[in-house]
Amino acid sequence: ALTITAECINCDVCEPVCPNQAISMGPDFYQIDPARCTECVGHFDQPQCVELCPVQCIPVHPLHLEDRASLELKYRRLTSNA
Ligand code: SF4
Ligand code: SF4
């Protein structure tokens, strides 16, 4: 999963492009629900939020390092429960 750092300027660009509805406004800036972020695996070749973020504040979450198989499994779980 990816995460949004405090560099976020609340530009609102990433939230609507997330295919998993993983992004929402937090107390001070936007946040990503790691349980819903597949790094866009299953939907797009590249993370859509990273592609669009004007300040590059969306790194990989250091506590949620996942390989491609794990991300694909998460994608399948999310889509089967949708
Ligand atoms: Fe959503 Fe993709 Fe960004 Fe994860 S990487 S928060 S799934 S847009
Ligand atoms: Fe924050 Fe980047 Fe999302 Fe804009 S695109 S709201 S700066 S994380």
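Please read all numbers here as calculations on a predicted model, not as lab measurements. (Residues numbered from 1 in each chain as written. Chains lettered and ligands numbered in written order. Predicted model: local features only at pLDDT ≥ 70, side-chain atom pairs only at ≥ 80, totals over all residues. Heavy atoms only, no water.)

(A) Quick look at the nonpolar core. Grouped together as the largest cluster of nonpolar side chains are 15 residues, with contacts concentrated most on Ile4, Ile23, Ile32 and Ile58. The residues contacting Ile32, other than those within four sequence positions of it, are Leu2, Thr3, Ile4, Ala22, Ile23, Cys37 and Ile58. (Core = buried A, V, L, I, M, F, W, Y, C linked by side-chain atoms within 4.5 Å. Buried < 20%, exposed > 50% of the residue type's maximum accessible area, 1.4 Å probe, protein only. Contact = heavy atoms within 4.5 Å.)

(B) Focus on the environment of Glu51. Topologically, Glu51 is positioned in helix 1 (residues 48-52). Separated by 37 residues in sequence, Glu51 and Cys14 have C-alpha atoms that sit 9.0 Å apart. (Helix = DSSP H or I, 4+ residues; strand = E, 2+ residues; numbered from the N terminus.)

(C) Quick peek at the site of ligand 1. In the vicinity of ligand 1, the residues found are Leu2, Cys18, Pro19, Asn20, Ile23, Ile32, Cys37, Thr38, Glu39, Cys40, Pro47 and Cys49. Of the residues contributing to the shell around ligand 1, the split by class is nine nonpolar, two polar and one charged. (Near = heavy atom within 4 Å. Nonpolar A, V, L, I, M, F, W, Y, C, P; charged D, E, K, R; others polar.)

(D) Up close: the pattern of salt bridges. If you walk through the whole model with that rule in mind, you get two salt bridges. With its nearest N and O atoms 2.8 Å apart, the salt bridge here joins Glu66 to Lys74. Judged by relative accessible area, which is 9%, Lys74 ranks as buried. For Glu72, the salt bridge goes to Arg68, with nearest N and O atoms at 3.1 Å. Residue Glu72 and its partner Arg68 are located together in helix 2 (residues 68-80), separated by four residues, close to a single helical turn. The exposure class assigned to Glu72 is partly exposed, which follows from its relative accessible area of 30%. Residue classification places Arg68 among the exposed positions, given a relative accessible area of 54%. (Salt bridge = Lys/Arg side-chain N within 4 Å of Asp/Glu carboxyl O.)

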